Amino acid sequence: MEQRSIAFIGAGNMARSIIAGLIASGYDAKKITATAPSETRLAPLQHDFGINTDSDNLRAAQQADVVVLAVKPQLMADVCLPLQAVDFSNKLVISIAAGINSARLATMLDSQLHLVRVMPNTPALIGKGMSGLYADSTLAPQDHQFASDLLQAVGEICWVKQEADINGIIAAAGSAPAYFFLFMEAIQQQAMAQGFDEQTARLLVQQTALGAAAMVQANPETDLATLRQQVTSKGGTTAEAINTFNHHHLTEIVAKAMQAAVARAQEMEQLF
Ligand SMILES: NC(=O)C1=CN([C@@H]2O[C@H](COP(=O)(O)OP(=O)(O)OC[C@H]3O[C@@H](n4cnc5c(N)ncnc54)[C@H](O)[C@@H]3O)[C@@H](O)[C@H]2O)C=CC1
Ligand SMILES: O=C(O)[C@@H]1CCC=N1
């Protein structure tokens, strides 16, 4: 991919995940700078990936071709204010923040922006990310391509046609690793309650989750319900477990949880 200079404004979990994925995919570490107010976040990034770090957001943004906004949504306005001094006319801005829309970002930076909103997720750290991307029709094809390449370096991507769909991506992918971790925690806890030690319980759940996800990936023509049915022998053990999930309305619980994620993103759009 094109090796533009990139400044990550904010060096937390998500920036680290993307940086790790980029470096693993061969991106030039010297072209990447990450910023944060404290060395505690920056030193490990410099040590682990050999990238540049800077505590000065303005300098990093001014020197970069691509500015990735990767701070918490509630900090975005404060972080953007000094960046209003940057000339964004020849820069691509990528925001990974949940709940801050394009119009608001343009106001915060007081500029017309070449902007892509991206909703990644933390498995980007190991090249298994899932990112949704949105840009309006004014984005130049080469910026569109760069954003695609950047996120494809750390996993799969899908472009959405309307900005509002980014909130759907949050619910289905950005936040979703945590749902799977929660489910895995629950299985691990119950396996321990049934007598397995912690390590064995973890192995049981992690290998099973990996195997299930790999089966989904390996059988793109087979729908998820069929894969489930293949495990579920009539009158057997799985049927009892699935009946119990259904009895307690698992599908409705998931729907409500995803709707709550979208609602919170919409609420954040008003708050920040
Ligand atoms: N964690 C996740 O799974 C995902 C997070 N996001 C978005 O990514 C963004 C960052 O989230 P996380 O990485 O989880 O948060 P985080 O709290 O781990 O990282 C935020 C970073 O910003 C830095 N920071 C604080 N004040 C700053 C300042 N004035 N200038 C520069 N950096 C500053 C902090 O030192 C910290 O390293 C958020 O907007 C979130 O909505 C998007 C998708 C997934
Ligand atoms: O929880 C959050 O707000 C962020 C956005 C998606 C994942 N983490």
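Residues numbered from 1 in each chain as written. Chains lettered and ligands numbered in written order. Predicted model: local features only at pLDDT ≥ 70, side-chain atom pairs only at ≥ 80, totals over all residues. Heavy atoms only, no water.

Okay, the site of ligand 1 next. The local shell around ligand 1 holds 22 residues, among which Asn13, Met14, Asn57, Val71 and Ala98 are the closest. Separating an oxygen atom of ligand 1 from a backbone N or O atom of Gly12 is a distance of 3.2 Å. For ligand 1, whose unbound accessible area comes to 830 Å², protein coverage reaches 80%. Counting atoms within 2 Å of the grid points, the majority share of ligand 1 lands in the second largest pocket. Sorting the residues of the shell around ligand 1 by element identifies helix 1 (13–24) and helix 4 (73–83) as the ones contributing at least two each. In terms of residue class, the shell around ligand 1 is built from 14 nonpolar, six polar and two charged. (Near = heavy atom within 4 Å. Polar contact = N/O pair within 3.5 Å; in protein donor to acceptor, adjacent residues only side chain to side chain. Areas by Shrake-Rupley, 256 points an atom, 1.4 Å probe, with all protein chains shown as cover. 1 Å grid on protein atoms, 1.4 Å probe; cavity = no way out; pocket = protein on both sides within 12 Å on 5 of 7 lines; lining within 4 Å. Sits in = over half its atoms within 2 Å of the grid points. Helix = DSSP H or I, 4+ residues; strand = E, 2+ residues; numbered from the N terminus. Nonpolar A, V, L, I, M, F, W, Y, C, P; charged D, E, K, R; others polar.)

What follows concerns unusual backbone geometry. A positive phi is found at Asp110, a non-glycine position, where the angle reads about 50°. The residue Asp110 is located in the loop between helix 5 (102–109) and strand 6 (114–119) in this model. In this model, His249 sits at a positive phi of 60°, which is unusual for a non-glycine residue. When you line up the elements, His249 lands in the loop between helix 11 (237–247) and helix 12 (250–271).

Below, the discussion takes up the environment of Ile23. Note on placement: Ile23 falls in helix 1. On the basis of relative accessibility, which here comes to 23%, the residue Ile23 falls in the partly exposed class. Along the backbone, Ile23 and Ala213 are 190 residues apart, and their C-alpha atoms lie at a distance of 25 Å. Contacts of Ile23, omitting those with residues within four sequence positions, involve Ala29, Ile32, Phe49 and Ile51. (Buried < 20%, exposed > 50% of the residue type's maximum accessible area, 1.4 Å probe, protein only. Contact = heavy atoms within 4.5 Å.)

Moving on to the pairing of strand 1 (residues 6–9). Burial along strand 1 is two-sided: Ile6 and Phe8 facing one way and Ala7 and Ile9 facing the other are all buried. The pairing of strand 1 with strand 2 (residues 32–35) spans four bridges and is classified as parallel. Across the sheet, residue Phe8 finds its bridge partner in strand 2, namely Ala34. This β-α-β element, strand 1 to helix 1 to strand 2, shows right-handed connectivity. Pairing between strand 1 and strand 4 (residues 66–69): four bridges, direction parallel. Each bridged residue has a counterpart across the sheet, and for Ile9 the counterpart in strand 4 is Leu69. (Pairing = 2+ DSSP bridges. Right-handed = clockwise from strand over helix to strand, strands pointing away.)

Another point: the UniProt feature "binding site: NADPH" (unreviewed entry) in the protein chain. Following the UniProt record, the feature "binding site: NADPH" (unreviewed entry) maps to Asn57 here. Relative to the helices and strands, Asn57 is located in helix 3 (residues 57–63). Judged by relative accessible area, which is 22%, Asn57 ranks as partly exposed. Apart from residues no more than four positions distant in its own chain, Asn57 is found in contact with Ile9, Thr35, Val79 and Leu83. (UniProt positions renumbered as here; feature names shortened; annotations may be inferred.)

The subject of this paragraph is helix 1. For an α-helix, 3.6 residues make a turn, and residues three or four places apart therefore share a direction. Taking 1.5 Å as the rise per residue, helix 1 with twelve residues should run 16 Å; its terminal C-alpha atoms sit 16 Å apart, in good agreement. Within helix 1 the residues assigned to the buried category are Met14, Ala15, Ser17, Ile18, Ile19, Ala20, Gly21 and Leu22. Next to the buried residues of helix 1 lie strand 1, strand 2, helix 2 (39–49) and helix 6 (141–152). Remark: Gly26 follows helix 1 within two positions and exhibits a positive phi of approximately 100°. (Expected span 1.5 Å × (residues − 1).)

With that settled, consider the sheet that holds strand 1. On the basis of which strands lie adjacent, the open sheet formed by eight strands has the order 3-2-1-4-5-6-7-8 and mixed pairing. Every interior strand has two partners, whereas the edge strands, strand 3 (52–54) and strand 8 (155–159), have only one. Neighbouring strand axes in the sheet, compared pairwise and without regard to direction, differ in orientation by 25° on average. Contacting strand 6, strand 7 (129–134) and strand 8, helix 7 (residues 165–174) crosses the sheet at an angle of about 35° to strand 6. (Axes fitted to C-alpha atoms, helices over the stretch in contact; angles between N-to-C directions.)

Near ligand 2, the surroundings consist of Ala98, Gly174 and Ser175. Protein contact buries 47% of the 240 Å² of open area that ligand 2 shows by itself.

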